[in-house]
Amino acid sequence: MAAVGTMRVLVCRLFGSWPVPLVLARFLRVVRARLRGWRVALVVVLVVFGTSWLAMWLVEPESNGITEPDTYWWWFLVTSSTVGYGDFYPLSLPGRIVGAYVVFGGIATLTILFTELATHIQAIKGKRMKGAVALDLSDHIVILGYCPGRTERMVGELLAEGRPDIVLGTWEDVAEHPVPEHESVAFVRGDLTTVEVLKRACVHRAATVVLDARDDNEALALLVAVHHLAPGAHTVAALRDLGRAQQLRYVNPDLHCVQWHMPSLLTEEALDPGITEVYTEMLAPTEAANTYSTTLPQQWAGSSFGECQTWFGREFSATIIAVRQGGDIAVAPRWDLPLHPGAVLYYLGHRRLHDATLADGKAAAPVGRAATGQPAPGSAPIG
């Protein structure tokens, strides 16, 4: 008992003669000199817990059950976190000094934890901006290559179509994320022909890969790497010389090639696979359907677009794609749009329909008018 009393006197003198913050400051300097990161906070909280428990046991009267094992850890938790429920508390002045020591230790620990957390978040953000983070995505769109202004436009078009998962891969000459304002656009930077960089962009799990290279030779190198890693992905390449498309198709027969100077076609092909082939067939002077125009036949003035569309399809296997009237043009018009005299119809068909053909081809009343008993345009009423 005499030894315990002596120890209690020593503890009282120690905590009474040394300011608590000064003791902790010196201790933190020693710990930080030897440890880094989260381990500093762990060591501080363990040391403060152990030393404060011993000190509290020495200075508090035995009648106070605060130092009981099933009680002290709870008191230490709520005190060091500065919550302080007040269900347990020291009774003696030395005990309260130990309590202050615990409070300052808790504040120091929380400060270290929040500092490390902020540093960790900043490091992750820095890696994201530098394109060094390995991603975890699937069924996304990957754009390989960067051209200022052009790439931002493509990304904007893809996002406008509701495609939130986009990965932009660039070469090392692009120092930081070009479009950091778009949180849904991830960034990967490095040698785009290496498997390591392409895997960081999750190319092997991508739905579509867009090759927007700096030249056609680079496009070929990118295609070889992408096809090796993701042979089943829908791949679109922008080429300066479309005559080289066949060479690239030696690597991937299913490759879709787009003229480099038409970036909008890249995004359209990425969103709707095969649409560039449709455009090519529409524009090519072949036996396939071509685009034509004609003035609305007089007898169809006042009918709806849907009625005229149905008649064109049934009689001539043609499809009206746009209507110009009143100085305005409507692409894919409403089905109930009324057609006025002099309207110009733009249609897809296998041949040009001349005025005489259109006049002779009208063999029946427009759909809807016959069903309602109304006379067809240009015909005399019955009875």
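Rules used in this analysis
- Residues numbered from 1 in each chain as written.
- Predicted model: local features only at pLDDT ≥ 70, side-chain atom pairs only at ≥ 80, totals over all residues.
- Heavy atoms only, no water.
- Pairing = 2+ DSSP bridges.
- Helix = DSSP H or I, 4+ residues; strand = E, 2+ residues; numbered from the N terminus.
- Axes fitted to C-alpha atoms, helices over the stretch in contact; angles between N-to-C directions.
- 1 Å grid on protein atoms, 1.4 Å probe; cavity = no way out; pocket = protein on both sides within 12 Å on 5 of 7 lines; lining within 4 Å.
- Points joined across faces, edges and corners; volume = space filled by probe spheres on them.
- pLDDT = per-residue confidence, 0-100.
- Contact = heavy atoms within 4.5 Å.
- Phe/Tyr/Trp six-rings, centres within 6.5 Å; stacked < 30°, edge-to-face > 60°.
- Buried < 20%, exposed > 50% of the residue type's maximum accessible area, 1.4 Å probe, protein only.

## Observations concerning the sheet that holds strand β10 (residues 344-349)
- Within the open sheet, the four strands sit side by side as β7-β10-β8-β9. Their pairing is antiparallel. Bordering the open sheet on either side are β7 (290-295) and β9 (328-331), each of which pairs with just one other strand. This sheet shows a mean twist of 20° between the axes of neighbouring strands, independent of strand direction.
- As judged from the five bridges shared by strand β8 (residues 319-325) and β10, these two strands associate in the antiparallel manner.

## Remarks on the layout of surface pockets
- Of the voids in this model, the largest pocket is the one considered here, and its volume is about 280 Å³.
- Leu242, Cys257, Leu265, Thr276 and Thr280 are the residues nearest the centre of the largest pocket, which is lined by 14 residues in total.
- For the lining of the largest pocket, the secondary structure elements donating two or more residues are α9 (245-249), β6 (256-259) and α11 (275-283).
- Here the element with the most residues in the lining of the largest pocket is α11; it accounts for five residues.

## A short note on the confidence of the model for the chain
- Taken as a whole, the chain shows an average pLDDT of 81; of its residues, 82% reach a score of 70 or greater.
- A low-confidence stretch, residues 1-18 (pLDDT under 50), is modelled with 16 contacts involving residues beyond four sequence positions or located in other chains.
- Predicted confidence is poor over residues 362-383, with pLDDT under 50, and the contacts of this stretch with residues over four places away or in other chains come to 30 contacts.

## Details of the packing of aromatic side chains
- On inspection of all chains with the given rule, the structure shows 14 aromatic pairs.
- Ring centres of tyrosine 72 and phenylalanine 76 lie 6.3 Å apart, and the angle between their planes is 35°; this geometry places the pair in the tilted category. Here phenylalanine 76 and tyrosine 72 lie together in helix α4 (residues 69-80), a separation of four residues that amounts to about one turn. For the pair formed by tyrosine 72 and phenylalanine 76, the shared burial category is buried.
- Each ring, one from tryptophan 311 and one from phenylalanine 312, has its centre 5.6 Å from the other, and the planes form 80°; the classification is edge-to-face. With respect to class, tryptophan 311 is no different from phenylalanine 312; both count as buried.

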